[in-house]
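Summary of structural features
The chain contents come next:
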Amino acid sequence: MIEMRKKQFKAESKKLLDMMINSIYTHKEIFLRELISNASDATDKLYFKSLTDGSIDASKDTLKIRIELDKEARTIKISDRGIGMTADELESNLGTIAKSDSLNFKNENKDDENLENVEVIGQFGVGFYSSFMVADRVEVLSKALGSDEANCWLSEGVEGYTVSPAEKEENGTVVTLHIKENTENEDYDQFLDQYRIEELVKKYSDYIRYPIVMEMSSQVPDENNEGEYITEVSDEVLNSQVPIWRKTKKEIKKGEYEEFYKQKFYDYSDPMLVIHSKTEGQATFDALMFIPENAPSDFYSKDFEKGLQLYSNGVLIMDKCADLLPDYFAFVRGLVDSADLTLNISREVLQHDHQLKIIAKAIDKKIKSELSKLLKKDREKYEKFFKTFGVQLKWGVYADYGMNKDGLRDLLLFKSSNGGYATLKEYVERMADSQNDIYYACGDSEEKIALLPQVESVKEKGYEVLYFTDDVDEFAIQMLMEYEGKHFANIQKDEVDLSSDAEKEALQKKNEDARELLDKMKEILGGEVSSVKFTNKLGKHAAAISAEGYVSLEMAKVLSQMPNGGNGIKAQLVLEINSEHDVVKKLEKADETALEKYTKILYNQARLIAGLTIDNPTEFADMICDMM
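Attention in this report is confined to the structure presented alongside it. What you are looking at is a predicted structure, and each value in this text was computed from that prediction instead of being measured. (Residues numbered from 1 in each chain as written. Predicted model: local features only at pLDDT ≥ 70, side-chain atom pairs only at ≥ 80, totals over all residues. Heavy atoms only, no water.)

**Observations concerning the overall build of the protein chain**
When helices and strands are tallied, the protein chain shows 20 helices and 22 strands. Per-residue burial for the protein chain yields a buried fraction of 50% across its 628 residues. Summarising the internal contacts of the protein chain: among those between residues at least 6 apart in sequence, 70% fall at separations of at least 24. Taken as a whole, the protein chain presents about 32100 Å² of accessible surface, with 46% of it coming from carbon and sulfur. (Helix = DSSP H or I, 4+ residues; strand = E, 2+ residues; numbered from the N terminus. Buried < 20%, exposed > 50% of the residue type's maximum accessible area, 1.4 Å probe, protein only. Contact = heavy atoms within 4.5 Å. Areas by Shrake-Rupley, 256 points an atom, 1.4 Å probe, with all protein chains shown as cover.)

The structure is reproduced here in structure tokens:
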């Protein structure tokens, strides 16, 4: 027997191999995905050649991948009947890390129309070396199609490799991994367990187009002994092969989407909406996405992870690729499959992939389009969706200073004083010609908002009011600034006045005449308000709190609940007194003691109506009792 001299990896390859083993791949289990993908590529190349060469065996028995486990020998074998490699190709492809034979194959045949019928996956040529994360010895036995010779590539890691003649009857490749012994921190035995291997095939390679076969043992009843079981061993195909997203919509049977969703994403309910699309252009990809009927149990917790599953030619790259979804669509579940993405790259590199950004942009546009269709065609269903996930869309408008507002603003719904939900478009279409602003009010619920004095007054004048009940509502609207030329106006702000010019003039005179009284009331409140004034927009109510300046009452409440207390940002409050209410006569006749009591009572009741707390509820209750 001739002793083969060990060959050294090139210096840069040696360094890369060390990186491969220790850092590039996050999970050791990824090695199986890489070896199956390589076997699939080799089988694809054989199939490609068979399309123009009838002498090549491309039968079902040939076009498959086999996995063999040997617990005693601690080996895993992944074999194929594909194109195989010569000694030179073994040395070239495996002796130089990051040299991709699959990429060369695609480049050499890019003009051949038959290339559309194959799905060569590998591009970077580094995935094979992930084997060394779990194996201390790797053998590659290969025989090229049409060759009389077979060869064996053998390596125990960074120290080098040998290539020597070997015996093999059929073309193809067998990769044998000698699995490492367990350590205190690593369980390598798991990769010798048939059910663990089956799980990994299902997870990463379920949609490889060729059957992945492995002997599986199972317990079956013993026909000769009732109540006894025997172990039966037989070949089983581990993968599904044909992904549902590769089918046309016409091929999908009724209930198939729903069944796939529930099995894949562990949900008991059918999805509310299915989005199945194929995109071609700057990036070519298939997408199958689902909007759940209910929010996941951990959706609003810090443990929730957004993201779509990311596949390359049916091979799972990442279980949750967060970069594919903006935060406002974090609730969307599904997957993307693209041949444009490289498989043998790490999570960190993938996040900066140019094609990934193009895909993410297209997905964002598609989801918005499908939601818009749902809003127009099935309003009841859309409103159900919005009750569950609408806050996410509003945060999307607010985030990034409204950069996403154009695509999201027409998807927003708000409760309306007209009853039910209203879009901004519907509100504007119903506006009177003389109306220049979109009126809204904020509160804890639509019922409480409807009882606000300002709301009653605006409704009496025939104007519609949008009810903002979510914390984010007003912040989002501030980012929108306007809608179709109409600006947003908070009717709880002091500057909103729907009076006629004559009414404004008369009110101004009343305030001037009562300046001394109003200043005394402001002084009594000791800086709690920036001013006290008469108003004519409270209907039958005696008093109300409004705000002046940029910060509204609702904004101040939301900011105060934040961990930093909103950095001390507060609304400038205004106590408004109904100039037509009988309470004005009481105020004008009151002595200093009574005026102090009346002022505090009016101020506290106005705060309560506005949904604000009062500093001294006991004092307030006592003053009410004294009056009684």
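Picking up where we left off.
**Points about unusual backbone geometry**
Positive phi, normally seen in glycine, also occurs at Arg 74, with a value near 55°. Structurally, Arg 74 is set in the loop between strand S1 (65-70) and strand S2 (75-80). In this structure, Tyr 266 takes a positive phi of about 55° despite not being glycine. Locating Tyr 266 in the fold gives a position in the loop between helix H6 (256-265) and strand S9 (273-279).

**Some points on the packing of aromatic side chains**
Taken as a whole and judged by the stated rule, the model has 28 aromatic pairs. Summarising the aromatic geometry, the rings of Phe 31 and Phe 191 are spaced 5.3 Å apart at their centres and angled 85° between planes, so their arrangement reads as edge-to-face. Of this pair, Phe 31 sits in helix H2 (residues 30-50) while Phe 191 sits in the loop between strand S6 (172-179) and helix H5 (194-204); the two residues are 160 residues apart in sequence, bridging distant segments of the chain. Classification of Phe 31 by relative accessible area gives buried; the value is 0%. A ring pair is formed by Phe 260 and Phe 290, whose centres lie 6.3 Å apart and whose planes are at 35°; its orientation type is tilted. Remark: Phe 290 occurs in strand S10 (residues 285-291) and Phe 260 occurs in helix H6; sequence separation between them is 30 residues. Of the two residues, Phe 260 and Phe 290, both sit in the buried class. The structure contains a cluster of three or more aromatic residues connected by ring pairs, namely Phe 299, Tyr 300, Phe 304, Tyr 328, Phe 329, Phe 331, Tyr 382, Phe 385, Phe 386, Phe 389 and Tyr 421. It is Lys 415 that lies over the ring of Tyr 421; its NZ or CZ is 5.0 Å from the centre. (Phe/Tyr/Trp six-rings, centres within 6.5 Å; stacked < 30°, edge-to-face > 60°. Lys NZ or Arg CZ within 6 Å of the ring centre and 35° of its normal.)

**Quick word on the pattern of salt bridges**
Counted by the stated rule, this structure contains 42 salt bridges. A salt bridge links Lys 203 to Glu 29; its shortest N-O distance comes to 2.9 Å. In this pair, Lys 203 sits in helix H5 while Glu 29 sits in the loop between helix H1 (11-24) and H2, placing the two residues 174 residues apart along the sequence. A residue is classified by how much of its surface remains accessible, and Lys 203, at 34% relative accessible area, is partly exposed. Glu 29 gets classed as buried once you look at its relative accessible area, which sits at 12%. Overlapping salt bridges, with partners in common, bring together Glu 29, Arg 196, Glu 199 and Lys 203 in one network. (Salt bridge = Lys/Arg side-chain N within 4 Å of Asp/Glu carboxyl O.)

**Observations regarding the packing of helix H9 (residues 379-398) against helix H14 (residues 473-480)**
Direction vectors running N to C along H9 and H14 enclose 40°, while the axes themselves pass 8 Å from each other. Put simply, H9 runs oblique to H14. Read as a crossing pair, H9 and H14 show a hand that is left-handed. Residues Lys 394, Val 397 and Tyr 398 of H9 touch H14, and the partners they reach there are Asp 473, Phe 475, Ala 476, Met 479 and Leu 480. Classifying every residue of the contact of H9 with H14 by side-chain character gives six nonpolar, no polar and two charged. (Axes fitted to C-alpha atoms, helices over the stretch in contact; angles between N-to-C directions. Parallel < 35°, antiparallel > 145°, perpendicular 65-115°, else oblique. Left-handed = near helix turned anticlockwise from the far one by under 90°. Nonpolar A, V, L, I, M, F, W, Y, C, P; charged D, E, K, R; others polar.)

**Structural notes on a negative patch on the surface**
A grouping of Asp 298, Asp 303, Glu 305 and Asp 319 is seen on the molecular surface, where their side chains present a negatively charged patch. Relative to the elements of secondary structure, Asp 303 occurs in the loop between S10 and strand S11 (308-312). Since its relative accessible area comes to 57%, Asp 303 is described here as exposed. (Patch = residues over 30% accessible without salt bridge, like charges linked within 9 Å, V, L, I, M, F, W, Y side chains within 5 Å. Lys, Arg positive; Asp, Glu negative; His and termini not counted. Charge placed at Lys NZ, Arg CZ, Asp CG, Glu CD.)

Taken by themselves, the reported measurements are silent on function.
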